[in-house]
Amino acid sequence: MNTEKNIKTKNDIIDAVIDRAGAPSRRIAERYVNGVLDYIKEQVAAGNTVQITGWGKFEPVLQAGRDARNPQSGERMSVEAKWVVKFRPGAKFKQEVAAREA
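All residue numbers refer to position in the chain's written sequence, counted from 1. For a predicted model such as this one, the threshold for reporting local features is a pLDDT of at least 70, and the threshold for listing and counting side-chain atom pairs is 80 or more; totals across whole chains, interfaces and linings nevertheless cover every residue. Note that water and hydrogens are dropped before the side-chain values are worked out from all heavy atoms of the structure.

**Here we look at the environment of Arg69**
Put simply, the rule reads: What counts as a helix is a DSSP run of H or I of at least four residues, what counts as a strand is a run of E of at least two, and both are numbered from the N terminus. By definition, residues are in contact when any of their heavy atoms lie within 4.5 Å.
As for its placement among the helices and strands, Arg69 is situated in strand β3 (residues 66-69). Counting along the chain gives 10 residues from Arg69 to Val79, while the straight-line C-alpha distance between them is 9.5 Å. Non-local contacts of Arg69, meaning those with residues more than four positions away in its chain, are made with Gly74, Glu75, Arg76 and Met77.

Spelled out as structure tokens, the structure:
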């Protein structure tokens, strides 16, 4: 199994939009990518779930409060409940990842 990480960035996504969708310029492709990402972020922050069929969904989930311990001092502390974002991949996405050679 290849354990080396191959991290892709937003610039890689912009390049892919130029190549695959034929965006006329890098500037326009960047606006498209930023528009999609901003929309997802705004909707989830507003409490909505964003579902992309065949790909997955982004949803806000309330993480329960809990007791924790400060790792430096060992002091017990309380962590309040908070909203976090979860991504749940769709079945097709999971199948494609599972089909990757180990």
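There is more to say, and it comes next.
**Some remarks on the layout of surface pockets**
Threshold: The rule is simple: put a 1 Å grid over the protein atoms alone, call a set of points where a 1.4 Å probe fits but cannot get out a cavity, call an open set with protein on both sides within 12 Å along at least five of seven lines a pocket, and count a residue as lining if it has an atom within 4 Å of a point. Grid points are joined across faces, edges and corners, and a volume is the space filled by probe spheres set on the points. In this classification, Asp, Glu, Lys and Arg are treated as charged, Ala, Val, Leu, Ile, Met, Phe, Trp, Tyr, Cys and Pro as nonpolar, and every other residue, Gly included, as polar.
Within this model, the largest pocket holds a volume of roughly 340 Å³. Along its surface, the largest pocket is lined by Ile13, Val17, Tyr32, Val33, Val36, Leu37, Ile40, Ile52, Trp55, Phe58 and Phe93. Of all elements in the fold, only α1 (10-21) and α2 (26-45) reach the threshold of two or more residues within the lining of the largest pocket. Take the lining of the largest pocket: its biggest share by element is 5 residues, from α2. Of the residues assigned to the lining of the largest pocket, the class counts are 11 nonpolar, no polar and no charged.

**Topic: α2**
Each full turn of the α-helix corresponds to 3.6 residues, which orients residues three or four apart in the same direction. This is how the line gets drawn: Expected helix span is computed as 1.5 Å times (number of residues minus one). Each residue gets one of three labels from its accessible area relative to the maximum for its type: buried under 20%, exposed over 50%, partly exposed in between, using a 1.4 Å probe on protein chains only. Think of it as the arc spanned by the lines of direction from the helix axis to the C-beta atoms.
With 20 residues, α2 extends 28 Å from end C-alpha to end C-alpha; this agrees with the ideal 28 Å at 1.5 Å per step. Along α2, the residues that are buried comprise Ala29, Val33, Ile40 and Val44. What you see down the axis of α2 is that its buried residues fit within an arc of 30°, all on one side. Among the exposed residues of α2, those oriented more than 90 degrees off its buried face are Arg27, Arg31 and Ala45.

**Some details on the pairing of β3**
So the rule is basically this: The rule for pairing is simple: two strands pair if DSSP sees at least two bridges between them.
Of the strand pairs in this sheet, β3 and strand β4 (residues 76-79) are connected by 4 bridges, and their pairing is antiparallel. Each residue of the ladder has a partner; that of Asp67, found in β4, is Ser78. Here β3 folds back onto β4 in antiparallel fashion, the turn holding 6 residues, of which Gly74 has a positive phi close to 80°.

**Considering the pattern of salt bridges**
Quick reminder of the rule: We count a salt bridge whenever a side-chain nitrogen from Lys or Arg sits within 4 Å of a carboxyl oxygen from Asp or Glu.
The tally for this structure, following the rule as stated, stands at 3 salt bridges. In this structure, Lys41 engages Asp38 in a salt bridge whose closest nitrogen and oxygen atoms are separated by 3.9 Å. In this pair, Lys41 and Asp38 both sit in helix α2, 3 residues apart, roughly one turn of the helix. Under the relative-accessibility criterion, Lys41 is labelled exposed at 56%. When the shortest N-O distance is used, the salt bridge between Arg88 and Glu59 registers 2.2 Å.

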